[in-house]
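# Chains, contacts and geometry: an overview
The lines below spell out each chain.
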Amino acid sequence: QTAVFSDIHANLPAFEAVLRDAEEVGVDGLWCLGDVVGYGASPDGCVELAREHTDACLVGNHDLAVLDELDTSTFSSAAAAAVEWTAENSKPETLDFLRGLEPADTSHAAALYHASPRDPVWEYVLWPEQAAECLVVQDRRVSFIGHSHVALFFSAEEAESAGDRPPEARGWQAGAGARLEIDEGRWLINPGSVGQPRDGDPRAAWLELDTDSWQATYHRVEYDIDRAAEAIERAGLPEHLAKRLFVGR
């Protein structure tokens, strides 16, 4: 069993809660889909936990921006301010860890991408039409993506031959406790966000994957939002970044 999670965004209380929850469930592997930093006020603590505990960790667009490897002109003003703050307030070893990561990893039983199989850094996959095109090009039958901060999944039947028109994809948002039987067909699955959910549920999100039975189960866990918000305010980061944590938007 593997815990799959994404978009920690320097929210240490949320990440700690997810790691505790995953340990209680009894997972024996942890895959992080990127954006360990950005938005939140604890980049060093989150990167240290990711380095210690994850078996696979990707780099996300915010991580790349902090490393000055990606232009922030398309970021919101709050996101850009957080990138600047993180670059100035992170330990050198934090930045070194992020610098060694890639936005995709296809070496496991399921393929891992920060954003999408077509564009591992930037594409937000939110609609079945997009997902259908991604499902065709992904490196494995089952893939995991982050980036949108929304817990959701898309599936399609396998094409009967390589030249066939891609089958229609279907997609849904997934609430806590939702269980997917993913032993057949092609799947593109987003576990949601650890540190800044945007699907209306402020609890930290992660997904439990069983690659023996090919089942996936969505989890949400309460965490100390006040502690995370106060850290953002103490750091002098935009107040909006603290307030949004309480509503999951």
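Residues numbered from 1 in each chain as written. Predicted model: local features only at pLDDT ≥ 70, side-chain atom pairs only at ≥ 80, totals over all residues. Heavy atoms only, no water.

### Details of the overall build of the chain
- Broken down by element type, the chain carries eight helices and 12 strands.
- A compact globule built from 249 residues should have a C-alpha radius of gyration of about 18 Å, and the chain, at 17 Å, falls within 12% of that.
- Residues classed as buried in the chain amount to 58% of the 249 residues present.
- Partitioning the intrachain contacts of the chain with sequence separation of at least 6 by distance along the chain shows that 74% fall at a separation of at least 24.
- As presented, the chain carries roughly 10800 Å² of accessible surface, and 44% of it is formed by carbon and sulfur atoms.
- One finds the centroid of the 19 positive side-chain charges in the chain at a distance of 4 Å from the centroid of its 45 negative side-chain charges. (Helix = DSSP H or I, 4+ residues; strand = E, 2+ residues; numbered from the N terminus. Rg over C-alpha atoms; globule rule 2.2 N^0.38 Å. Buried < 20%, exposed > 50% of the residue type's maximum accessible area, 1.4 Å probe, protein only. Contact = heavy atoms within 4.5 Å. Areas by Shrake-Rupley, 256 points an atom, 1.4 Å probe, with all protein chains shown as cover. Lys, Arg positive; Asp, Glu negative; His and termini not counted. Charge placed at Lys NZ, Arg CZ, Asp CG, Glu CD.)

### Looking at the packing of helix H2 (residues 43–53) against helix H5 (residues 92–99)
- Running from N to C, H2 and H5 cross one another at 50 degrees; their axes reach a closest spacing of 9 Å. In terms of their interaxial angle, H2 and H5 are classed as oblique. Classified by chirality, the crossing of H5 by H2 is left-handed. Contacts between H2 and H5 involve Pro43, Asp44, Val47, Ala50 and Arg51 from the former and Glu93, Thr94, Phe97 and Leu98 from the latter.
- Taken together, the residues that form the contact of H2 with H5 break down as five nonpolar, one polar and three charged. (Axes fitted to C-alpha atoms, helices over the stretch in contact; angles between N-to-C directions. Parallel < 35°, antiparallel > 145°, perpendicular 65-115°, else oblique. Left-handed = near helix turned anticlockwise from the far one by under 90°. Nonpolar A, V, L, I, M, F, W, Y, C, P; charged D, E, K, R; others polar.)

### A look at a negative patch on the surface
- The grouping of Asp224, Asp226, Glu230 and Glu233 at the surface amounts to a negative patch.
- With respect to the helices, strands and loops of the structure, Glu233 is situated in helix H7 (residues 225–234). (Patch = residues over 30% accessible without salt bridge, like charges linked within 9 Å, V, L, I, M, F, W, Y side chains within 5 Å. Salt bridge = Lys/Arg side-chain N within 4 Å of Asp/Glu carboxyl O.)

### Remarks on the nonpolar core
- In this structure, Phe5, Ile8, Phe15, Val36, Leu98, Val194 and Tyr223 are the most contacted members of the largest nonpolar core, which totals 53 residues.
- Here the element with the most residues in this core is helix H1 (residues 12–25); it accounts for seven residues.
- Non-local contacts of Phe5, meaning those with residues more than four positions away in its chain, are made with Phe15, Val18, Leu30, Trp31, Cys32, Leu33, Thr54, Pro191, Val194, Ala205 and Trp206. (Core = buried A, V, L, I, M, F, W, Y, C linked by side-chain atoms within 4.5 Å.)

### Points about the sheet that holds strand E5 (residues 111–113)
- Spatial strand order, E4-E5-E6-E10-E7-E8: six strands in an open sheet with mixed pairing. What marks the edges here is a single partner per strand, and that holds for strand E4 (104–105) and strand E8 (170–173).
- Pairing analysis gives two bridges linking E5 to strand E6 (residues 142–144), with the strands arranged parallel. Following the sheet pairing, Ala111 is matched in E6 by Ser143.
- Relative to strand E10 (residues 186–191), helix H6 (residues 128–137) is tilted by about 120 degrees, and along the sheet it contacts strand E7 (151–156), E8 and E10. (Pairing = 2+ DSSP bridges.)

### Considering a nonpolar patch on the surface
- A cluster of nonpolar residues, Trp122, Tyr124, Leu126 and Trp127, forms a patch on the protein surface that exposes about 410 Å² of accessible area.
- Within the secondary structure, Leu126 is located in the loop between E5 and H6.
- A residue is classified by how much of its surface remains accessible, and Leu126, at 35% relative accessible area, is partly exposed.

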